[in-house]
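Examining the three-dimensional arrangement
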Amino acid sequence: MTFRIFERTLAFLVLVAGIPLLFGGRYNKVVQIGMAAPSFENLPATDGRSYSMSNFKEDVLVVVFLANHCPWVRGNDPDLIKLANDYKSKSVRVIAIGVNLRQDDILPAMKERATKSGYNFIYLHDATQQIGRRYGATHTPEYFVLNKERKIVYTGLLTNSPAVAEYNGSVHYTRGAPKQFYVRDAIDASLAGKPVPAAETSAQGCTVEYEH
Amino acid sequence: MGGAYPRARLAGFFALLLHSCSFKPQTLVVGLQPVHFDQWKRELASLKGNVVVVDVWATWCIPCRERFPHIVDLNHRYQNRGVIVVSMCVDDREDKRAVEAARQFLLDQHAAFRNYFMDENILDVFEKMGVQGIPAVFIYDRVGRQRYFLNADDPNHQFTTKDVDDAVAALVSEPAKM
């Protein structure tokens, strides 16, 4: 009898508490941790070429949704550039994607931004917005880390202290100097074949506008 | 009699008078009232008896700015029908120019209703309000229960201005309860 209660309690805990731990989905309304990452085909990039997910053979992919107009993206730019630079000698690739359809967020403006800010990563645009919908991306910047099997192992913020560009152009870290580096931890864990410490955080930033 | 008061106190009195004027829904004076989260909860509680629409916005949020005229229009349509429209600005309080821009935006929009500014760390604001992103609109019924939380957190179900209109119309048509 005691064993049965124990067994039921355990089953309850696994079902109720275990699901979010195993599969995420606390913040993202579409994808869950552990799911196969949605792929993309022939998206145009700021370098004039088109790319599909199958073009990227690295062990770890970092997919990040950006929007030119967004001060949270401008605040995030220096750290994103540093991230891409720090991992360039490892089997890691950063792929940024824009899905907004505003004039200042589409390809011509993206090319200008990529040059001006010195983007050292692929910057794609999806005019159908489908890739954003399939990833459940509703904020910019919003990060997704994919492992070698192209499963989603992390979604959310870059660090615990998102940066925002102020009106005067200076960058303000909203929680002071970052202390937790979620994306870097997810990359390192994936490269080492270990579980990712924080699987999901709540992305903050500008809202991605989807056409109805 | 005015001479009996130190000049600073007199100035303070007029500032307070102007400040309180900004809370009257029909006046054209537009104020931006800083509140901490606890104060905000008390303000919200004090509005019980009305349908309350809270529009959460910031100057950096372009969809918020684009939708703001609808909130102003909503106020015009419902201000005499037991509905109180409120805006809650969540610009980064560390960015003084953003706060000033918010104030100017409200003036330009003729936002002649209660305009609050959440005077807390911006991430704390999101956490405490339970907001993942903005624009977001909270709508409370006459007994103060939150009945709608309209947001853009699901790419396949982002709220529209029609959703706001429908929600307010539904709550206004509910029979008054005590």
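Provided above is the structure to which this section pertains.
A few words now on the sheet that holds strand β3 (residues 60-65) of chain A. Residues and elements named next belong to chain A. Strands sit in the order β5-β4-β3-β7-β8 across an open sheet of 5 strands; the sheet is mixed. Every other strand in the sheet has two partners, leaving β5 (122-125) and β8 (152-156) as the edge strands with one partner each. When strand polarity is set aside, the average angle formed by the axes of neighbouring strands in this sheet is 20°. Bridge count for β3 against strand β7 (residues 142-146) is 5 bridges, and the pairing is antiparallel. Looking across to β7, one finds that F65 is bridged to E142. Packed on one face of the sheet, helix α2 (residues 71-86) meets β3, β4 (92-98) and β7 and runs near 150° to β4.

Turning to helix α5 (residues 122-129) of chain B, a few remarks are in order. Where α5 of chain B is concerned, the buried positions are I122, L123, V125, F126 and M129 of chain B. One side of α5 of chain B carries all its buried residues, which in axial view fall inside an arc of 155°. Lining the buried residues of α5 of chain B we find α2 of chain A together with α2 (37-46), β2 (51-57), β3 (83-89), β4 (114-118) and β5 (136-140) of chain B. One side-chain oxygen at the N-terminal end of α5 of chain B lies 2.8 Å from the backbone nitrogen of L123 of chain B; it belongs to N121 of chain B. With its phi angle positive at about 70°, G130 of chain B sits one or two positions after the end of α5 of chain B.

Counting 93 residues, the largest nonpolar core has W40, M129, I134 and I139 of chain B as its most contacted members. In contact with I139 of chain B, other than residues within four places in its own chain, are V51, V52, V53, R145, Q146, R147, Y148, L150, V164, A167, V168 and L171 of chain B. Of all hydrophobic cores here, the second largest spans 25 residues; its members include F40, L61, I122 and L124 of chain A.

What follows concerns the interface of chain A and chain B. In this assembly, 30 residues from chain A lie in contact with 30 residues from chain B. For the chain A and chain B pair, buried surface summed over both sides reaches about 2600 Å², with 52% attributable to carbon and sulfur atoms. Looking only at chain A, the three residues that lose the most surface to chain B are Y167, R175 and T207 of chain A, adding up to 25% of its buried area. Across the contact surface, chain A and chain B share 3 salt bridges. The salt bridge involving R175 of chain A is made with D124 of chain B; its shortest N-O contact spans 2.9 Å. Taken together, the links from chain A to chain B amount to 14 residue pairs in polar contact (both at pLDDT 80 or more). At the level of secondary structure, the elements contributing two or more residues to the side of chain A that touches chain B comprise α2 and β11 (206-207) of chain A. Partitioning the side of chain A that touches chain B into residue classes produces 11 nonpolar, 13 polar and 6 charged.

Residues and elements named next belong to chain A. Checked against the element boundaries, Y119 lands in the loop between α3 (107-117) and β5. Judged by relative accessible area, which is 11%, Y119 ranks as buried. Taking the C-alpha atoms as reference points, Y119 and Y27, 92 residues apart in sequence, are found 28 Å from one another. A distance of 2.8 Å separates the side chain of Y119 from the side chain of D77, its partner in a polar contact.

All names here are of chain B. Scanning the entire structure with this criterion turns up 2 disulfides over all chains. One disulfide in the model links C61 with C64; its S-S distance is 2.1 Å. With the S-S bond torsion at 80°, the cross-link from C61 to C64 turns out right-handed. In this structure C61 comes out as buried when scored by relative accessible area, which is 2%. Here C89 is not cross-linked by a disulfide; its sulfur's nearest cysteine counterpart is in C64, at 9.4 Å. Take C89: its relative accessible area is 0%, and that puts it in the buried class.

With that out of the way, let us pick up the sheet that holds strand β1 (residues 33-35) of chain B. Residues and elements named next belong to chain B. The sheet built from 6 strands is open, its strands ordered β1-β4-β3-β2-β5-β6 with mixed pairing. Of all the strands in the sheet, the pair left with one neighbour each is β1 and β6 (146-150). Within this sheet the neighbouring strands show an average axis-to-axis angle of 25°, counted without direction. Two strands pair when backbone bridges link them, and β5 and β6 are joined in this way by 4 bridges, in the antiparallel orientation. Residue F138 lies in a different strand from β6, and its bridge partner there is F149. Docked against the sheet, helix α4 (residues 96-108) engages β2, β3 and β4, running at close to 130° with respect to β2.

What counts and how
- Residues numbered from 1 in each chain as written.
- Chains lettered and ligands numbered in written order.
- Predicted model: local features only at pLDDT ≥ 70, side-chain atom pairs only at ≥ 80, totals over all residues.
- Heavy atoms only, no water.
- Pairing = 2+ DSSP bridges.
- Helix = DSSP H or I, 4+ residues; strand = E, 2+ residues; numbered from the N terminus.
- Axes fitted to C-alpha atoms, helices over the stretch in contact; angles between N-to-C directions.
- Contact = heavy atoms within 4.5 Å.
- Buried < 20%, exposed > 50% of the residue type's maximum accessible area, 1.4 Å probe, protein only.
- Arc of directions from axis to C-beta.
- Polar contact = N/O pair within 3.5 Å; in protein donor to acceptor, adjacent residues only side chain to side chain.
- Core = buried A, V, L, I, M, F, W, Y, C linked by side-chain atoms within 4.5 Å.
- Buried area = accessible area lost by both parts, 1.4 Å probe.
- Salt bridge = Lys/Arg side-chain N within 4 Å of Asp/Glu carboxyl O.
- Nonpolar A, V, L, I, M, F, W, Y, C, P; charged D, E, K, R; others polar.
- Disulfide = S-S within 2.5 Å.

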